[in-house]
Amino acid sequence: MDFSVVCGSLTEQPSDVLIVNLFQGVKSPGGGTGAVDKALNGMISELIKDDDFEGKLGEIAVIRLSGQIPVKKALLVGLGKSESFGLSEVMRASAAAARKCRELKAENVTSILHGGGIAGLPAFGCAKAVVQGAILGAYEYTRFKTEDGKANPIRSFTIVEMDADKLPEIERGMRLAEVIGDCVVWARDVINEPSNFVNPPHLAKLAQEIAGEYKFGCKILDRKAIEKAGMGLIAAVSRGSEIEPRFIELKYDAPGASKTVAIVGKGVTFDAGGYSLKSGDGMYGMKDDMSGAGAVLAAMRAVGKLKPNVNVIALVPAVENLIGARAIHPGDIFKSYNGKTVEVANTDAEGRLILADAVAYAKDQGVDEIIDLATLTGACVTALGRQISGLFCTKDELAESLIRGGAASGETIWRMPIFEDYRESLKSDVADIKNTGSREGGAINGALFIKDFVGDVAWAHLDLASATIDKDIDLAKKGATGAGAGMLIEYFISL
Ligand code: BES
Ligand code: MN
Ligand code: ZN
């Protein structure tokens, strides 16, 4: 999709589909949509009068035209209630409209700047939300669909704006949205790829490619090197698989930056549970257990393009969690990177094991903040559902920035409590700590385990309940959402 902006009137720009909008409850359209309505002799007003269109957020009506303007179809998208309207709604409306344009096989799309006429919504933000929404809404994972017509037909997406003064800001918003949108759909592609393609060496290869393209430092440890480095937990989890683990490190140095942030992504390319084996139903979908890794690698691509003013170290412990002749057993004890001994009470709580080594390594590098992203617990999904991720954070300012960054990217993030009293259930009779506690409060217990390896570094842990979704929503098709990627890059550019 090529994005551009032209100065002119919506009724004069030729296209296959022209996107206009309407607030819920509005009887006669104004602004750009009003001008289009006039040129169409009131066709839009008629839809509203006949109760064929309410204007609910994401609602769509398609009007086939016959030469009134140089456009084949007009697409009316609902903006919802004007009281609850903001940039998130702009993004959702644009996503819903772009999805429909793809279904309609439109090649050339023109769009009104949703929110452009609303006081308090700057053109930059509106353009960013329109373009990012279009990228996210039109996304589909099609690699293994062999029938014709799988490709996204939308070639050009053009914002039409009357006010020439706004053009530079619109252009700027569009360019940023392209980078962030591409970053998120790149994450979706990697996460949606099945585990017979995406395994630990494959993640390492992707990291190397990113490092090559953006001149990042890059270190990849194989099984031997992981053992030698003392990452006993990553080594332990990987033992059930013949496919080797990898410990991936990418390093971006910003000239003159004073702050260094480590981002750590859980890279379990398939989670069968190990000998604490998952059920068949519970195992399906566990190719997505590397969603944290996908978000972290995607964010590094955007870091390479946007060059934010902060040093970033990206870490991905990558393993498969399987059963096998050499796989670990419940009750086994291993030594972590920082020397603590861990009893593996449940081999299916593998994410926190590999993250423990990785965050302890991050702390060793002397970073200022550690942000880990992981599909860590089913409990978090039970608590929040699949459209919200849970954030555990030891520093309020960091938590607020991450929640804000997520929102700017269409992600909903909810802060969860780090309740130290629950740590008791992680006590082991035989080792320093065990990897599971009480089933109740499962997401909190998982966070408490990781926290034990972070020490006193400022830390955020995103339990990615929203990594994948089981139905289509405006901003994502069923499958991977890329959650966390946008949050990270928005955070970095805010520094
Ligand atoms: N990858 C899973 C968590 C998960 C499950 C995320 C379903 C999203 C959907 C993780 O490795 C896991 O198996 N966690 C266990 C922890 C338990 C053994 C303490 C879980 O949630 O059941
Ligand atoms: Mn597991
Ligand atoms: Zn897992």
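Residues numbered from 1 in each chain as written. Chains lettered and ligands numbered in written order. Predicted model: local features only at pLDDT ≥ 70, side-chain atom pairs only at ≥ 80, totals over all residues. Heavy atoms only, no water.

(A) Looking closely at the overall build of the protein chain. The helix and strand inventory of the protein chain stands at 15 helices and 20 strands. Scaling as 2.2 N^0.38, a compact globule of 495 residues should have a C-alpha radius of gyration of about 23 Å, and the protein chain matches this with 24 Å. The buried share among the 495 residues of the protein chain stands at 58%. Long-range pairs, those at least 24 residues apart, make up 77% of the contacts in the protein chain with a sequence separation of at least 6. (Helix = DSSP H or I, 4+ residues; strand = E, 2+ residues; numbered from the N terminus. Rg over C-alpha atoms; globule rule 2.2 N^0.38 Å. Buried < 20%, exposed > 50% of the residue type's maximum accessible area, 1.4 Å probe, protein only. Contact = heavy atoms within 4.5 Å.)

(B) Structural detail: the packing of aromatic side chains. Following the criterion strictly, the structure yields eleven aromatic pairs and no others. Relative to Phe157, the ring of Phe3 lies with its centre 5.4 Å away and its plane at 50°, an arrangement referred to as tilted. Of this pair, Phe3 sits in strand β1 (residues 2–7) while Phe157 sits in strand β6 (residues 156–161), and the two are 154 residues apart along the sequence. With a relative accessible area of 1%, Phe157 lands in the buried category. With centroids separated by 5.1 Å and ring planes inclined at 45°, the aromatic side chains of Phe144 and Phe197 adopt a geometry described as tilted. One end of the pair, Phe144, is in the loop between α4 (123–137) and β6; the other, Phe197, is in the loop between α5 (167–192) and α6 (200–214), and 53 residues separate them in sequence. When its relative accessible area of 32% is taken as the criterion, Phe197 is described as partly exposed. Aromatic ring contacts, followed pair by pair, group Tyr141, Phe144 and Phe197 into a single cluster. Geometry around Phe453 places Lys340 over its ring, the cationic atom sitting 5.9 Å from the centre. (Phe/Tyr/Trp six-rings, centres within 6.5 Å; stacked < 30°, edge-to-face > 60°. Lys NZ or Arg CZ within 6 Å of the ring centre and 35° of its normal.)

(C) Highlighting the packing of α6 against helix α10 (residues 291–306). Remark: α6 packs on α10, axes separated minimally by 10 Å, with the N-to-C direction vectors making an angle of 10°. As summarised for this structure, α6 and α10 are arranged roughly parallel, according to the angle between their axes. Contact with α6, carried on its side by Leu203, Ala207, Ile210 and Tyr214, involves Ala293, Leu297, Met300, Arg301, Gly304 and Lys305 of α10 and no other residues of that element. Partitioned by chemical class, the residues of the contact of α6 with α10 number seven nonpolar, one polar and two charged. (Axes fitted to C-alpha atoms, helices over the stretch in contact; angles between N-to-C directions. Parallel < 35°, antiparallel > 145°, perpendicular 65-115°, else oblique. Nonpolar A, V, L, I, M, F, W, Y, C, P; charged D, E, K, R; others polar.)

(D) Representation of the nonpolar core in the model. With 100 residues, the main nonpolar core has Ile159, Leu203, Ile263, Met300 and Ile371 as its most contacted residues. Counting residues per element, this core draws most heavily on α5, at 14 residues. Split by domain, the residues of this core number at least three in each of domain 1 (2–165) and domain 2 (188–494). With near-sequence residues (within four places) excluded, Leu203 lies in contact with Val190, Val198, Ile248, Gly267, Thr269, Met290, Ala293, Leu297, Val316 and Ala318. Val367, Val454, Trp459 and Ala465 belong to the second-largest nonpolar core, a separate cluster that totals 49 residues. (Core = buried A, V, L, I, M, F, W, Y, C linked by side-chain atoms within 4.5 Å. Domains from an automatic or database assignment.)

(E) Here's a closer look at the coordination of the zinc ion (ligand 3). Summarising the metal site, the zinc ion (ligand 3) is bound by the protein donors Lys266 (NZ), Asp271 (OD), Asp289 (OD) and Glu350 (OE), whose distances to it range over 2.0 to 2.4 Å. Around the zinc ion (ligand 3) sit six donor atoms; with metal-centred angles ranging over 78 to 175°, the donor geometry is octahedral. Read N to C, the donor residues that coordinate the zinc ion (ligand 3) are spaced as K-x4-D-x17-D-x60-E. Separation of the zinc ion (ligand 3) from the manganese ion (ligand 2) amounts to 3.1 Å, with Asp271 serving as a shared donor to the pair. Residue Asp289 is found in the loop between α9 (280–283) and α10, and its partner Glu350 is found in the loop between β13 (341–343) and α11 (351–364); the two are separated by 61 residues along the sequence. For Glu350, a relative accessible area of 0% corresponds to the buried category. (Donors = N, O, S within 2.8 Å, 3.2 Å for Na, K, Ca; no water. Tetrahedral: all angles 85-135°; square planar, octahedral: opposite > 155°, others 65-115°.)

(F) Spotlight on α6. Over its 15 residues, α6 extends 21 Å from the first C-alpha to the last, a length consistent with the 21 Å expected when each residue adds 1.5 Å. Of the surrounding secondary structure, the elements contacted by the buried residues of α6 are α5, β7 (217–221), β8 (246–252), β10 (267–271), α10 and β11 (311–321). Lys215 sits one or two positions beyond α6 and adopts a positive phi of about 60°. (Expected span 1.5 Å × (residues − 1).)

(G) Representation of the site of ligand 1 in the model. Taken together, 15 residues are adjacent to ligand 1, and Lys278, Asp289, Asp348, Glu350 and Gly378 come closest. One of the side-chain N or O atoms of Asp348 is found 2.8 Å from an oxygen atom in ligand 1. (Near = heavy atom within 4 Å. Polar contact = N/O pair within 3.5 Å; in protein donor to acceptor, adjacent residues only side chain to side chain.)

(H) Representation of the domain arrangement of the protein chain within the structure. Domain boundaries in the protein chain define domain 1 (2–165) and domain 2 (188–494). Summarising the inter-unit geometry, the C-alpha centres of domain 1 and domain 2 are found 37 Å apart. With 18 residues of domain 1 at the interface, the matching set in domain 2 holds 17 residues. Here domain 1 meets domain 2 over a buried area of about 1400 Å², counting both sides, of which 50% is carbon and sulfur. The largest share of the area that domain 1 buries against domain 2 comes from Arg99, Tyr139 and Tyr141, three residues that together contribute 37% of it. A salt bridge links Arg92 to Asp474; the nearest nitrogen and oxygen atoms lie 3.1 Å apart. Applying the counting rule to domain 1 against domain 2 returns eleven residue pairs in polar contact (both at pLDDT 80 or more). Contributing elements (two or more residues each) for the side of domain 1 that touches domain 2: α3 (87–103) and α4. Here the residues of the side of domain 1 that touches domain 2 sort into eight nonpolar, five polar and five charged. (Buried area = accessible area lost by both parts, 1.4 Å probe. Salt bridge = Lys/Arg side-chain N within 4 Å of Asp/Glu carboxyl O.)

(I) Examining a negative patch on the surface more closely. A contiguous patch of negative charge, built from Glu46, Asp50, Asp51 and Asp52, is present on the exposed surface. Relative to the helices and strands, Asp50 resides in the loop between α2 (43–49) and β3 (60–64). We classify Asp50 as partly exposed; its relative accessible area is 45%. (Patch = residues over 30% accessible without salt bridge, like charges linked within 9 Å, V, L, I, M, F, W, Y side chains within 5 Å. Areas by Shrake-Rupley, 256 points an atom, 1.4 Å probe, with all protein chains shown as cover. Lys, Arg positive; Asp, Glu negative; His and termini not counted. Charge placed at Lys NZ, Arg CZ, Asp CG, Glu CD.)

(J) Local environment of a nonpolar patch on the surface. On the surface, Tyr275, Leu277 and Ile323 cluster together to form a nonpolar patch covering roughly 280 Å² of accessible area. Structurally, Ile323 can be placed in the loop between β11 and β12 (333–335). Classification of Ile323 as partly exposed rests on a relative accessible area of 40%.

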